[in-house]
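Residue-level structural notes
Each chain, letter by letter, is given below.
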Amino acid sequence: MVKGSEQVAERSEERFSSHRFRSPVGWVTLCCNGAELCGLWLEGQRYFGSTMPAGTVEVEGDASEAIGQALAWLDAYFAGKRPAIAELPLAPAGSGFRQLVWERLKEIPYGEVATYGEIAQDIAKAQGKERTAPIAVGGAVGHNPISIIVPCHRVVGADGSLTGYAGGLDKKLWLLEHEGVDTSKLYRPKRGTAL
């Protein structure tokens, strides 16, 4: 990213820009293709910027409508409101399977959690399959390029483990508590990939 540059990354005629801002969970980077939000990453997050094209320009303020809408959404969210995900134009880049999982994540209500297994059952049903492996769902959840808004933080292990958040367990716990989730039955795993 080049701050203040007039150059713009292009991918199939799309122009990409990004914006950083400080949130209650630390620095957040937004990326848009002009009309749609295609990324939201927490600083230090695994797979940070993985779908952001090289040459994306960092801009100040809400230089695009998509970034402006996302900033307003996040302001409302962090103020304790429950803005609708459908209010935002989203364009996360990923395979068809990942898209199915990310759509399912958007159905998890504020203040609630779902397990990888529950999501796997829903995806299997949507695909007309007998089953889908929870580990495959975990891979898709972990690669979600629009954190917070596409609420991957609301996914937990079947045993109540907080594992599986690319942004870090402290941030996942903060987001769940912010939304009013009863975290007393959830726990931090002693080992795992998301510690």
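Above: the structure in question.
For the structure given in this document, a descriptive report is provided here. Every residue gets a number counted from 1 within its own chain, in the order that chain's sequence is written. At least 70 in pLDDT is required for a residue's local features to be given in this predicted model, at least 80 for side-chain atom pairs to be given and counted, and no such filter applies to totals for whole chains, interfaces and linings, which use all residues. Hydrogens are left out, water is left out, and the side-chain values use all remaining heavy atoms of the structure.

Looking at the packing of helix H2 (residues 96-105) against helix H4 (residues 134-142)
Operational definition: Note on method: axes are straight lines fitted to C-alpha atoms, helices fitted across the in-contact stretch only, with angles between N-to-C directions ranging 0 to 180 degrees. Strands are runs of DSSP state E lasting at least 2 residues, helices are runs of H or I lasting at least 4, and numbering of each runs from the N terminus. Our angle categories are set so that under 35 degrees counts as roughly parallel, over 145 as roughly antiparallel, 65 to 115 as roughly perpendicular, and the remainder as oblique. Should any heavy atoms of two residues lie within 4.5 Å, those residues are counted as being in contact. Residues are grouped as follows: Ala, Val, Leu, Ile, Met, Phe, Trp, Tyr, Cys and Pro are nonpolar; Asp, Glu, Lys and Arg are charged; all remaining types, including Gly, are polar.
As a packed pair, H2 and H4 sit with axes 9 Å apart at the nearest point and diverge in direction by 80°. Taken together, the axes of H2 and H4 lie roughly perpendicular to each other. Between H2 and H4, the contacting residues are Phe97, Arg98, Val101, Trp102 and Leu105 on the first element and Ala136, Val137, Ala140 and Val141 on the second. Of the residues assigned to the contact of H2 with H4, the class counts are 8 nonpolar, no polar and 1 charged.

A look at the pairing of strand S4 (residues 26-32)
Selection rule: Relative accessibility under 20% of the residue-type maximum defines a buried residue, over 50% an exposed one, and the middle range a partly exposed one, all with a 1.4 Å probe and only protein chains included. Strands are labelled as partners when DSSP assigns at least two bridges between them.
By the criterion of burial, S4 is predominantly enclosed, with 6 of the 7 residues buried. Sheet topology note: the S4/strand S5 (residues 37-42) ladder contains 5 bridges and is antiparallel. Bridge pairing in S5 links Thr29 to Trp41. Between S4 and S5, which pair antiparallel and follow one another directly, the connecting turn spans 4 residues, one of which, Gly34, has a positive phi of 105°.

So, the side chain of Lys171
Selection criterion: When charges are counted, Lys and Arg contribute as positive and Asp and Glu as negative, whereas His and the chain ends are disregarded. What counts as a salt bridge is simple: a side-chain nitrogen of Lys or Arg found within 4 Å of a carboxyl oxygen of Asp or Glu.
Checked against the element boundaries, Lys171 lands in helix H5 (residues 169-178). Buried within the structure, Lys171 lacks any salt-bridge partner; Glu43 is the closest side chain of opposite charge, at an N-O distance of 6.4 Å. Non-local contacts of Lys171, meaning those with residues more than four positions away in its chain, are made with Val25, Leu42, Glu43 and Tyr165.

Thoughts on the packing of aromatic side chains
Operational definition: Side-chain rings of Phe, Tyr and Trp (the six-membered ring for Trp) are treated as a pair once their centres are within 6.5 Å; stacked means planes under 30 degrees apart, edge-to-face means over 60, and tilted covers the remaining angles. Lysine NZ or arginine CZ positioned within 6 Å of the ring centre and within 35 degrees of the ring normal marks a charge as sitting over the ring.
Across all of its chains, the model carries 4 aromatic pairs by this definition. The interplanar angle of 55° and the centroid separation of 6.0 Å between the aromatic rings of Phe78 and Trp174 together place this pair among those described as tilted. In this pair, Phe78 is assigned in helix H1 (residues 65-78) and Trp174 in helix H5, connecting sequence segments 96 residues apart. Owing to a relative accessible area of 32%, Trp174 belongs among the partly exposed residues under this scheme. Cation over ring: Arg20 sits above Trp27, and NZ or CZ is 4.5 Å from the ring centre. Above the plane of the ring of Tyr110 lies Arg154, whose end atom (NZ or CZ) is 4.4 Å from the centre.

Brief notes about the packing of H2 against helix H3 (residues 116-127)
Packed helices, taken two at a time, are described by the angle their axes make and the gap between the axes. In plain terms, the rule: Rotating anticlockwise by less than a right angle from the far helix to the near helix defines a left-handed crossing, while the corresponding clockwise rotation defines a right-handed one.
Direction vectors running N to C along H2 and H3 enclose 120°, while the axes themselves pass 10 Å from each other. Judged by the angle between their axes, H2 and H3 are oblique. Here H2 runs over H3; the crossing is right-handed. In this structure, H2 contributes Phe97, Leu100, Val101, Arg104 and Leu105 to the contact, and H3 contributes Ile119, Asp122, Ile123 and Gln127. Of the residues belonging to the contact of H2 with H3, the class tally is 6 nonpolar, 1 polar and 2 charged.

Regarding the nonpolar core
Applicable threshold: Residues belong to a common nonpolar core when they are buried Ala, Val, Leu, Ile, Met, Phe, Trp, Tyr or Cys residues joined through side-chain atoms within 4.5 Å.
One finds Leu105, Ile148 and Ile149 to be the most contacted residues of the largest nonpolar core, which totals 40 residues. The set of elements that each furnish at least two residues to this core consists of S4, S5, H1, H2, H3 and H4. The dominant element in this core, judged by the number of residues it contributes, is H1, at 8 residues. Setting aside anything within four residues of it in sequence, one finds Ile149 in contact with Leu37, Leu40, Trp73, Leu74, Ile85, Leu88 and Leu90. Grouped together as the second largest cluster of nonpolar side chains are 7 residues, Leu169, Leu173, Leu176 and Leu186 included.

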